[in-house]
Amino acid sequence: MSTAVGGSSKGARAGRRVNLEAPADLSAAPGYGARRLYQAYLAAWNRHVDPVLTGPQFAVLSAVRAYPGYDQTALASAVALDTSTMADVCRRLESRGLIARGPAPHDARAKVLTLTDDGQAAFREVTRRTRKLDRALLADCPEEKRAEIAELLNDLGALWEAVAEREEI
């Protein structure tokens, strides 16, 4: 009689799902916690904000709204996307009619971005749902700590980006 990998033969035979705790060394790793946060956020975004418009696409819409007429490369750094991902996101947003891309006055190879009317409407609606999600995600945190938590997450992101850029660790 064989046993299912990672579970008892009794649980596997009965067809029950077994929920195991993460091993202690895994749950102590910051990357594991970051991945769990990200997976949970994606699931919440897809259910409560928009199953089609992705978080990176929303970030680009937000940056284009805040910095109309800037080129893709400058905006990519504002939303923490590499330039090839930014180009892909912009193509998708343009094909949906949410942004317009045109040549930059200073460099015809660069693409400046602006929101279309549909893009502005989509941005307003998704922003409303995003802020509602933000409130729900931090609802159990003390109100006076919420800004600090967001700042800490952004600071960690910047620190981890710097580690990713190092030649060696």
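Position numbers for residues start from 1 in each chain and track the written sequence from start to end. In view of the model being predicted, local features appear only for residues whose pLDDT reaches at least 70, and side-chain atom pairs are presented and counted only at 80 or more, with totals across whole chains, interfaces and linings using the full set of residues. For side-chain calculations, the full set of non-hydrogen atoms in the structure is used, while hydrogens and water are omitted.

**Q** An account of the overall build of the chain is needed here, citing residue identities and associated values.
**A** Of the regular secondary structure elements, the chain holds eight helices and two strands. Strands here mean DSSP runs of E at least two residues long; helices mean DSSP runs of H or I at least four residues long; both are numbered from the N terminus. Along its sequence from the N terminus, the chain presents helices and strands in the succession α-α-α-α-α-α-β-β-α-α. Relative to the globule expectation of 15 Å for 169 residues, the C-alpha radius of gyration of the chain, 21 Å, shows a markedly less compact shape. Along the first, second and third principal axes, the C-alpha set of the chain runs to 70 × 45 × 40 Å. Three exposure classes are used, based on accessible area relative to the maximum for each residue type with a 1.4 Å probe and protein chains only: buried under 20%, partly exposed in between, and exposed over 50%. Looking at the chain as a whole, 22% of its 169 residues are labelled buried. We call two residues in contact when some of their heavy atoms are within 4.5 Å. Sequence separation of 24 or more characterises 49% of the internal contacts of the chain that already satisfy a separation of 6 or more. Using a 1.4 Å probe, the Shrake-Rupley method yields the accessible areas, and only the shown protein chains count as cover for residues. Surface summary for the chain: the accessible area is close to 12,200 Å², and the carbon and sulfur share equals 54%. For this count, His and the chain ends are skipped, Lys and Arg are scored as positive, and Asp and Glu as negative. The atoms used to mark charge sites are NZ of Lys, CZ of Arg, CG of Asp and CD of Glu. Computing the positive centroid from 23 side-chain charges and the negative centroid from 22, the chain places the two 10 Å apart. Note on method: radius of gyration uses C-alpha positions; expected globular size equals 2.2 Å times residues raised to 0.38.

**Q** Residue-level account of the packing of aromatic side chains, with values.
**A** Pairing of aromatic rings covers Phe, Tyr and Trp, the last through its six-membered ring, and needs centres within 6.5 Å; plane angles under 30 degrees mean stacked, over 60 mean edge-to-face, and all others mean tilted. Counted according to the given criterion, the structure contains four aromatic pairs. For the pair W45 and F58, a centre-to-centre distance of 5.7 Å together with 50 degrees between the ring planes defines the contact as tilted. Within this pair, whereas W45 is found in helix α3 (residues 30-48), its partner F58 is found in helix α4 (residues 55-66), the two being separated by 13 residues in sequence. Relative to F123, the ring of F58 lies with its centre 5.5 Å away and its plane at 10 degrees, an arrangement referred to as stacked. Of this pair, F58 sits in helix α4 while F123 sits in helix α7 (residues 117-137), and the two are 65 residues apart along the sequence. The burial state of F58 is the same as that of F123; both residues are buried. Three or more aromatic residues link up through ring pairs in this structure, and these residues are Y41, W45, F58 and F123.

**Q** Go over the packing of α3 against α7, please, and point to the residues and values.
**A** Where helices are involved, their axes are fitted lines through C-alpha atoms of the stretch in contact, as for all axes, and angles between N-to-C directions lie from 0 to 180°. In the contact formed by α3 and α7, the axes pass within 10 Å of each other and the chain directions differ by 135 degrees. Classified by the angle their axes make, α3 and α7 are oblique. When you trace α3 past α7, the crossing you get is right-handed. The segment α3 lies against α7, with Y41, A44, W45 and H48 engaging V126, R129, T130, L133 and L137. If an angle is under 35 degrees, it is roughly parallel; if it is over 145, roughly antiparallel; if it lies from 65 to 115, roughly perpendicular; otherwise it is oblique. Whether a crossing is left-handed or right-handed is set by the direction in which the near helix is turned from the far one by less than a right angle, anticlockwise for left-handed and clockwise for right-handed.

**Q** If you had to explain the packing of α4 against helix α6 (residues 83-95) to someone new, which residues and values would you point to?
**A** The geometry of α4 relative to α6 is characterised by a closest axis approach of 10 Å and an angle of 80 degrees between their N-to-C directions. When the interaxial angle is binned, α4 and α6 end up roughly perpendicular. Facing α4, whose interface residues are P56, Q57, V60 and L61, α6 presents M86, V89, C90, R92 and L93.

**Q** Tell me about a nonpolar patch on the surface, and name the residues and values.
**A** A contiguous nonpolar surface patch, about 590 Å² in accessible area, is contributed by L37, L152, L153, L156, L159 and W160. Per element, the largest residue contribution to the nonpolar patch is five residues, and it comes from helix α8 (residues 146-165). Checked against the element boundaries, W160 lands in helix α8. Judged by its relative accessible area of 39%, W160 is partly exposed. Patch construction takes residues with relative accessible area above 30% that form no salt bridge. Like charges are linked within 9 Å, and nonpolar side chains (Val, Leu, Ile, Met, Phe, Trp, Tyr) are linked within 5 Å. The term salt bridge refers to a pairing of a side-chain nitrogen on Lys or Arg with a carboxyl oxygen on Asp or Glu at a separation within 4 Å.

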